[in-house]
Amino acid sequence: MTCVATVDAHDRRPLLVVQHVPWEGPHLILDSFPDVAVQMRHPLDEPHPIPLPDPATICGSIFMGGPMSANDADTLPPLADEIAWLRRALAQEIPVLGICLGAQLLAKAAGAAITAAPHPEIGVAPVTITERNDPLIGHLAPLTHAMHWHGEQFTLPSGALPLAHSAQTDVQAFRIGSSAWGMLFHLEVDDDLLDIWLAEPTMAAEAKRALGSGYREQLHGGLPRLRAEKARAVFDEFAKHCAQRHTASKALTGGPI
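Conventions we followed
Residues numbered from 1 in each chain as written. Predicted model: local features only at pLDDT ≥ 70, side-chain atom pairs only at ≥ 80, totals over all residues. Heavy atoms only, no water. Buried < 20%, exposed > 50% of the residue type's maximum accessible area, 1.4 Å probe, protein only. Helix = DSSP H or I, 4+ residues; strand = E, 2+ residues; numbered from the N terminus. Arc of directions from axis to C-beta. Contact = heavy atoms within 4.5 Å. Axes fitted to C-alpha atoms, helices over the stretch in contact; angles between N-to-C directions. Left-handed = near helix turned anticlockwise from the far one by under 90°. Nonpolar A, V, L, I, M, F, W, Y, C, P; charged D, E, K, R; others polar. Salt bridge = Lys/Arg side-chain N within 4 Å of Asp/Glu carboxyl O. Parallel < 35°, antiparallel > 145°, perpendicular 65-115°, else oblique.

To continue, consider helix α4 (residues 201-211). Listed as buried for α4 are M203, A204 and A207. Along the axis of α4, the buried residues cluster in a sector spanning 100°; they form a single face. For α4, the exposed residues set more than 90 degrees away from the buried face come down to P201 and R209. Residues of α4 that are buried in the fold lie against β6 (114-129), β7 (143-154), α3 (191-198) and α5 (215-222). G212 occupies a position one or two residues after α4 and carries a positive phi of about 95°.

Structure follows, in structure tokens:
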């Protein structure tokens with residue numbers, strides 16, 4: 001999906017949000033962008049794909065999750081287009097936040113290898129923060145509980161800074177330069193979003209295979225360990241980076257976008 005955000009009444013520079021499947025939306029992330037008008041778009045379902053906007057015309061971007069793999073770019077042209085777009089965004093230092101599949105796509109755009117994990121990592125579990133000074137992930141230090149839902153992993157992209165790991169996954173979060181972050185885990189989830197996920201048959205079946213017949217109780221039972229204030233601090237910080245991008249762009253152009 002594409003989300004258009006207005007920072008003030010005269011600003012027309014958008015915040016781009018790419019949503020790969022209807023049930024994996026930004027949810028709590030958009031609470032950090034209170035003045036957002038959302039235009040839904042699902043690139044993988046479009047009969048006539050619309051190109052993503054020129055990275056220079058946006059203040060930031062968020063790429064969400066989905067059941068596909070970044071390695072499916074050979075058979076899913078929209079994913080290949082997103083990887084190419086992310087390379088341009090990285091070169092132009094556009095703020096990027098990649099969640100789960102979005103993190104895979106960002107990692108692949110930066111040259112990382114995407115491989116199958118030994119087994120799916122699903123459910124609430126600890127994440128250890130290795131870079132306390134990171135402007136986003138540092139808000140989660142020294143350790144936070146997060147919702148995990150992925151069956152793949154990736155190597156650290158060349159030149160990227162590792163930010164977090166879990167017991168199973170060496171690279172749970174990374175930063176490229178000063179403007180692009182990838183997170184395998186989901187900070188945007190709450191009871192409402194988890195219910196949406198579990199109403200999707202493919203996700204419910206995946207959870208049952210990984211966790212057994214009590215998967216619903218186990219997943220909901222882990223949610224009280226999540227710290228909503230920490231997640232909000234991460235998303236607020238990303239929103240601040242987007243606002244700084246907007247301010248810098250206005251300074252360069254000499255006025256409203």
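Attention now goes to the packing of helix α1 (residues 77-91) against helix α2 (residues 101-109). Running from N to C, α1 and α2 point in directions that differ by 65°, and their axes come no closer than 9 Å. Once α1 is placed against α2, the crossing between them reads as right-handed. From α1, L79, E82, I83, L86, R87 and L90 reach across to α2, where they touch L105, L106, K108 and A109. Residues of the contact of α1 with α2, tallied by class, amount to 7 nonpolar, no polar and 3 charged.

Counted by the stated rule, this structure contains 5 salt bridges. Measuring nitrogen to oxygen at the nearest pair gives 2.7 Å for the salt bridge that ties D236 to R232. One end of the pair, D236, and the other, R232, are both in helix α6 (residues 228-253), 4 residues apart, so they sit about a helical turn from each other. Owing to a relative accessible area of 33%, D236 belongs among the partly exposed residues under this scheme. Owing to a relative accessible area of 36%, R232 belongs among the partly exposed residues under this scheme.

At a closest axis distance of 10 Å, the pairing of α3 and α5 adopts a crossing angle of 155°. One finds that α3 runs roughly antiparallel with respect to α5. Classified by chirality, the crossing of α5 by α3 is right-handed. Mapping the contact onto sequence places D191, L194, D195 and L198 in α3 and Y215, R216, L219 and H220 in α5. For the contact of α3 with α5, a count of residues per class yields 4 nonpolar, 1 polar and 3 charged.

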